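# Reading the structure
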Amino acid sequence: MLDRAIVAELREAVGERYYKEDQESLVTHSYDGTPMLQSLPDGVIYPGNTAEVSAVMTILNKHRIPLVSRGSGTNLCGGTVPVQGGVVMVMHRMNDILEVDLQNLTATVQPGIITKRFIEHIEGLGLFYPPDPSSMSISTIGGNIAECSGGLRGLKYGTTKDYVLGLECVLASGEIIRTGGKLMKDVAGYDLTKLLIGSEGTLAIVTEATLKLIPPPKHKKTMLAMFTDLYGAARTVSRIIENRIIPATLEFMDNPTIRVVDDYAKLGLPLNMAAILLIEQDGDFETVERDIELISEICHAEKADQISIASNQEEALKLLTARRSAFTALARLRPTTILEDATVPRSKIADMVLEINRIAQKYNVQICTFGHAGDGNLHPTATTDARDHEEIHRVEEAFAEIFEAAIQLGGTITGEHGVGLVKAPFLEWKVGSAGIAIMKNIKQAFDPLNLLNPGKMFAKETRRRVVLNRG
Amino acid sequence: MAKSTAEALRQTLKIKLDYDQLTNCMRCGFCLPACPTFKETGLEAESPRGRIALMKATVDGVMEPNDQFEDQMNHCLGCRACEPACPADVKYGQLIEQARDAIEAHTVRHRGWVKVVRKLVFKQLFPHQNRMGLLGKGLRIYQKTGLQTAVRKTGAVGLFSKQLADLERTLPKVSGKGVIQQLGTRIPAKGEKLATVGMFRGCLMDSMFTETNNKTVRLLSEAGFEVIIPESQNCCGALHAHSGETHDAKQLAKSNIRAFQEAGVDYIISNAGGCGAILIEYDHLLHDEPDWREQSEWFAKRVKDISTILVEKGRLPQPSQPQSNDRVRVTYQDSCHLRNVMKGGNSPRKLLAALPDVELVEMKDAGSCCGSAGIYNVTQPEMANQILEHKMENANATKAHYIVTSNPGCLMQMKLGIDKHADNDRVQAVHIVDFLFDRMVKS
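Just so it is clear, the model here is predicted, and its values are computed rather than measured.

Further remarks concern the overall build of chain A. From N to C terminus, chain A includes 14 helices and 16 strands. Computed over the C-alpha atoms, the radius of gyration of chain A is 23 Å, within 12% of the 23 Å expected from 2.2 N^0.38 for a compact globule of 471 residues. For chain A, the spread of C-alpha atoms along the three principal axes comes to 70 × 55 × 40 Å. The buried share of chain A, reckoned over its 471 residues, is 60%. Taking contacts inside chain A between residues at least 6 apart in sequence as the whole, the part at least 24 apart equals 72%. Carbon and sulfur atoms make up 51% of the accessible area of chain A, which totals about 19000 Å². Of the charged side chains in chain A, 49 are positive and 59 negative, and the gap between their average positions amounts to 2 Å.

Right, here's the structure in full:
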């Protein structure tokens, strides 16, 4: 619990009822979407505007108290667990769409707005904001920015970083900065906007964002291709791209996932398939029809065993159900679901899936893999039980080796979930020691007292590489 | 709360709460947008994920089960909209009942009149069908003798608590006679018999909405079902189970199982979503009593809502053709328990949409709770009123002439909503059975 005098200052800054330190508030801000992590903060604060955020940060800076800013806490990297105590700042009250500029096609929003609510509003105006993380019905735009969230449309449309034009942020000192703006071109100095996106609340608190909007696609078509040969599926992914076709969505499910999904959703999927690809293209009518035809030809050439193309919206929904059921089906298998996101160049997907399966077998754990094949972002998902410490240990070892394998294949330890607490021991594997040093210097420049989301991104120690002498 | 009491409550929570279910919650947050109290407040603690975290924290010793913990458990409406939204299939409804059961075993501190209402309703009234009948008779006298008019005119309702006064205004015209007194215990099927069904008459339904019960029986008979109404049945126990009085709920369940088994019916029909949901879960309610497994499973798998059996198995009467070109506009307010627990939200819509003179207009968030939730609107008036106000905004936007419901609690709440917040006088709240009967059978 914080010193009474500091609490009084904080209450003065935001209003009596918007600083809480009762047990209920502390417990319900001690976790996020990451399994097995919990740490109580000293207080929870709900600011109402940028000035209040700035005032709060000034007070905390003066007393050297850490702060974790958060939206809905749906992240999967432990990014918003207050591991060093301090104050959790919930951005939910700052949830306005401040402006939609139809001349510049931009929207300016506060960080606490729910992503889906924002998207619905924008679509109601006949416009399109593509980033669509699976958590969008509850996650906030501020959280999306902090984690640089991706989604199913990332392959063609990019992720959150491709749609943020400008930010207003509060620094650890309490000072307010603005980066970028409604500009399509801007090379004045370092690109702080891009730097702050995905900085996981370690550099500044986002209080306002200007987002890019685009015209929506006119037409959409969905298909499912099933393969008994894993490499056939993987080659199909590469060849679609090689043929200069960028589908809106190109999703993947491996055999263990197919079995679990079918058992759960009773979709009648063939259980002998090594992989299923879900492909969606959007755009002009002619382009979509031509692309889907070309993609089917590629699928045939790569010996797809079955191809189904949806002839209408209802059929498309049925095809999408298979992929959408994956998470739900896996979550019901065992009590604890650990969903990771190792990412490789898309030409290496088959190798990565085989590696994951080999590693799962080696450690005797169940890992099913699905994910965004089009951008190489795979979600190996372990189903386990947090109470079985010995098994959890094996799962952790298996994941360490999976990240290792991803890096060996030219990939990365996380494609869209972020580093947070969970991946911190692996970050150096990806960026190297000089990379870590420069990142730490950047952190130092923004937050010299290490008050913003401390303990995240940088681990005290880098994990030992699992396989040291690998050919 | 004193330390020793808190520790005792923690021990009881440890015993009562299903730790597997607490562990199954993976904190993904998918339940948050489905939760009415989270929607109203935006507070994590007012969400299913938050409440499960609080339960787990008390059991794990991370927090003390204090007054605030108790209040938060009672703040949940129990609508169970979070369950269909949960990827991991966490049985939240069971967890909240277990938490309340533990709290009930320890609590010393219901607020004065809440205590009185609870005791009256749970112990003295609902478990005794004859007393419910008497209540009906009393109400009839109250209404018939002009006492009601006098009470309203003199402002004597103001003597009740605000919430009870509100409820008083929504009371239906009561006949004083239950369905058995009016129709007997065995009503034959019209035409060739499709099946024999047992009618669950309910307490509120039979004392205050007897007409709806009569019409339920006649609809079933028209649709080809022989209807048996076992006389020895009693209250379903839903309110008891939801409020932590699990022991009483179990006793009521056993007595109902006996009654319907003796009647030897193919299906057990409920016309109240709230009752139906607990009836269909009797096997869960009695899960720790192995002697009752077979009987409770027999019972649970036979339970169907009136709308569901009409759609799935019935021979529906041909609706009368519209007299003129005037179509009535109708919107359907889901019964949470019919939708989220009995999974029967589609059937009422199918029935309504099939009527020739009806235009069914969905209101925004039709599936979210209206705030009635058993006796929640009496015990948690502030939140209930807030939810009702938002519900009525959505209902008003449809410009419907009728708000159709499938549960007496929802029906009374919607009547109250119309009374307080409707933007035109023509809108009425009506039970789906009454609505269907008037259009399918009466004319």
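Residues and elements named next belong to chain A. Strand order in the open sheet formed by five strands is S5-S6-S9-S7-S8, and the pairing between neighbours is antiparallel. Each having just a single partner strand, strand S5 (97-101) and strand S8 (176-180) make up the two edges of the open sheet. Mean inter-strand twist for the sheet, computed between neighbouring axes without regard to direction, equals 10°. Sitting on the sheet, helix H3 (residues 50-63) is in contact with strand S7 (164-170), S8 and strand S9 (205-212), with an inclination near 50° to S7.

What follows concerns the nonpolar core. All names here are of chain B. Judged by nonpolar contacts, the single largest core of 82 residues is most densely connected at Tyr 282, Phe 299, Val 404 and Phe 435. Element by element, the count of residues in this core is highest for helix H26 (residues 432-442), at seven residues. Residue contacts for Phe 299: discarding those within four places in its chain leaves Asn 256, Ile 257, Phe 260, Ile 268, Leu 279 and Tyr 282.

The next subject is the interface of chain A and chain B. With 34 residues of chain A at the interface, the matching set in chain B holds 31 residues. Taking both partners together, chain A and chain B bury about 2600 Å²; carbon and sulfur atoms supply 56% of that area. Contact with chain B buries surface across chain A, with A:Gln23, A:Glu24 and A:Tyr31 losing the most and accounting together for 24% of the total. Taken together, chain A and chain B are joined by three salt bridges. In this structure, B:Asp20 engages A:Arg387 in a salt bridge whose closest nitrogen and oxygen atoms are separated by 2.7 Å. Counting the contacts that link chain A with chain B gives eleven residue pairs in polar contact (both at pLDDT 80 or more). Elements supplying a minimum of two residues to the side of chain A that touches chain B: helix H2 (23-27), helix H11 (313-333) and strand S14 (336-339) of chain A. A per-element tally of the side of chain A that touches chain B places H11(A) first, with four residues. Each residue belonging to the side of chain A that touches chain B can be placed in one class, and the counts come to eleven nonpolar, 15 polar and eight charged.

Turning next to the domain arrangement of chain A. Put simply, an interface is often sized by how much accessible area is lost when its parts join up. All names here are of chain A. Assigned domains within chain A: domain 1 (1-216), domain 2 (219-324) and domain 3 (330-446). On a C-alpha basis, the centroid separation for the pair domain 1 and domain 2 is 35 Å. Tallying the contact residues gives five residues for domain 1 and ten residues for domain 2. On the domain 1 side of the contact with domain 2, Leu 152, Leu 155 and Lys 156 bury the most area, a combined 83% of that side's loss. Across the contact surface, domain 1 and domain 2 share one salt bridge. Joining domain 1 to domain 2, the criterion identifies four residue pairs in polar contact (both at pLDDT 80 or more). Considering only residue class, the side of domain 1 that touches domain 2 consists of three nonpolar, no polar and two charged.

All names here are of chain B. Strand order in the open sheet formed by four strands is S7-S6-S8-S9, and the pairing between neighbours is parallel. Since the sheet does not close on itself, it has two edges, and those belong to strand S7 (358-360) and strand S9 (428-431), each with one partner. Across this sheet, the average inter-strand angle for adjacent strands is 35°, counted without regard to direction. Sitting on the sheet, H26 touches strand S6 (328-332), S7, strand S8 (402-405) and S9, and the angle it makes with S9 is about 85°.

So, about helix H19 (residues 293-300) of chain B. Because an α-helix packs 3.6 residues into every turn, residues spaced three or four apart end up facing the same way. Considered for burial, the residues of H19(B) that qualify are B:Ser296, B:Trp298, B:Phe299 and B:Ala300. Considering only its buried residues, H19(B) is in contact with helix H16 (246-263), strand S4 (267-270), helix H17 (273-279), helix H18 (282-285) and strand S5 (303-305) of chain B.

Here we come to the packing of aromatic side chains. Using the criterion set out here, one finds eleven aromatic pairs over all chains in the structure. Judged by centre distance (5.0 Å) and plane angle (75°), the rings of A:Phe426 and A:Trp429 are edge-to-face. Like A:Phe426, the residue A:Trp429 is buried in the burial classification. Arranged with centres 4.9 Å apart and planes meeting at 25°, the rings of B:Tyr282 and B:Phe299 form a pair that is stacked. One end of the pair, B:Tyr282, is in helix H18; the other, B:Phe299, is in helix H19, and 17 residues separate them in sequence. Note on B:Tyr282: relative accessible area 0%, which makes it buried. Put simply, the rings of A:Phe399, A:Phe403, A:Phe426 and A:Trp429 pair up and form one aromatic cluster. Positioned over the ring face of B:Phe435 is B:Arg439, at 4.0 Å from the centre of the ring.

Our focus in this paragraph is the packing of helix H4 (residues 48-60) of chain B against helix H5 (residues 67-75) of chain B. When two helices pack together, their arrangement is given by the angle between the helix axes and by the axis-to-axis distance. All names here are of chain B. Running from N to C, H4 and H5 point in directions that differ by 140°, and their axes come no closer than 10 Å. Considering how the two elements wind past one another, H4 and H5 form a crossing that is left-handed. Contact with H4, carried on its side by Arg 51, Leu 54, Met 55 and Thr 58, involves Phe 69, Gln 72, Met 73 and His 75 of H5 and no other residues of that element. Grouping the amino acids of the contact of H4 with H5 by side-chain chemistry returns four nonpolar, three polar and one charged.

Once that is clear, we can look at the environment of A:Arg117. Within the secondary structure, A:Arg117 is located in helix H4 (residues 115-124). Measuring from C-alpha to C-alpha, the distance between A:Arg117 and A:Ile141 comes to 9.9 Å, with 24 residues separating the pair along the chain.

Time to look at the environment of A:Glu168. Residues and elements named next belong to chain A. Within the element layout of this structure, Glu 168 appears in strand S7. For Glu 168, a relative accessible area of 8% corresponds to the buried category. In sequence terms Glu 168 and Ile 145 are 23 residues apart; their C-alpha atoms lie 12 Å from each other. Not counting the four nearest positions on each side in its chain, Glu 168 is found in contact with Thr 50, Ile 176, Ile 177, Arg 178, Ile 205, Val 206, Thr 207 and Glu 208. At 3.1 Å, the side chain of Glu 168 and the side chain of Arg 178 are in polar contact.

The subject of this paragraph is the state of the cysteines. What the rule picks out here adds up to zero disulfides over all chains. In this structure B:Cys275 is a free cysteine whose sulfur lies 3.8 Å from that of B:Cys236, the closest cysteine sulfur available.

All names here are of chain A. Close contact between helix H8 (residues 230-242) and helix H12 (residues 349-362) brings their axes to 8 Å; oriented N to C, the two are set at 140°. For the pair H8 and H12, contact is made by Leu 230, Tyr 231, Ala 234 and Val 237 and by Ile 349, Ala 350, Asp 351, Val 353 and Leu 354, respectively. Split into classes, the residues belonging to the contact of H8 with H12 amount to eight nonpolar, no polar and one charged.

Residue and element names in this part refer to chain B. For the structure on display, the rule yields 53 salt bridges over all chains. Of the charged contacts in the structure, one is a salt bridge between Lys 190 and Glu 222, with a shortest N-O distance of 3.0 Å. Placement of the pair is Lys 190 in the loop between strand S1 (186-187) and strand S2 (195-199) and Glu 222 in helix H14 (residues 210-222), with a sequence separation of 32 residues. Under the relative-accessibility criterion, Lys 190 is labelled partly exposed at 46%. Since its relative accessible area comes to 24%, Glu 222 is described here as partly exposed. Two residues, Lys 250 and Glu 289, come together in a salt bridge whose shortest N-O distance is 4.0 Å. One end of the pair, Lys 250, is in helix H16; the other, Glu 289, is in the loop between H18 and H19, and 39 residues separate them in sequence. No difference in accessibility class separates Lys 250 from Glu 289, as the two residues are buried.

The rules behind each value
- Residues numbered from 1 in each chain as written.
- Chains lettered and ligands numbered in written order.
- Predicted model: local features only at pLDDT ≥ 70, side-chain atom pairs only at ≥ 80, totals over all residues.
- Heavy atoms only, no water.
- Helix = DSSP H or I, 4+ residues; strand = E, 2+ residues; numbered from the N terminus.
- Rg over C-alpha atoms; globule rule 2.2 N^0.38 Å.
- Buried < 20%, exposed > 50% of the residue type's maximum accessible area, 1.4 Å probe, protein only.
- Contact = heavy atoms within 4.5 Å.
- Areas by Shrake-Rupley, 256 points an atom, 1.4 Å probe, with all protein chains shown as cover.
- Lys, Arg positive; Asp, Glu negative; His and termini not counted.
- Charge placed at Lys NZ, Arg CZ, Asp CG, Glu CD.
- Pairing = 2+ DSSP bridges.
- Axes fitted to C-alpha atoms, helices over the stretch in contact; angles between N-to-C directions.
- Core = buried A, V, L, I, M, F, W, Y, C linked by side-chain atoms within 4.5 Å.
- Buried area = accessible area lost by both parts, 1.4 Å probe.
- Salt bridge = Lys/Arg side-chain N within 4 Å of Asp/Glu carboxyl O.
- Polar contact = N/O pair within 3.5 Å; in protein donor to acceptor, adjacent residues only side chain to side chain.
- Nonpolar A, V, L, I, M, F, W, Y, C, P; charged D, E, K, R; others polar.
- Domains from an automatic or database assignment.
- Phe/Tyr/Trp six-rings, centres within 6.5 Å; stacked < 30°, edge-to-face > 60°.
- Lys NZ or Arg CZ within 6 Å of the ring centre and 35° of its normal.
- Left-handed = near helix turned anticlockwise from the far one by under 90°.
- Disulfide = S-S within 2.5 Å.

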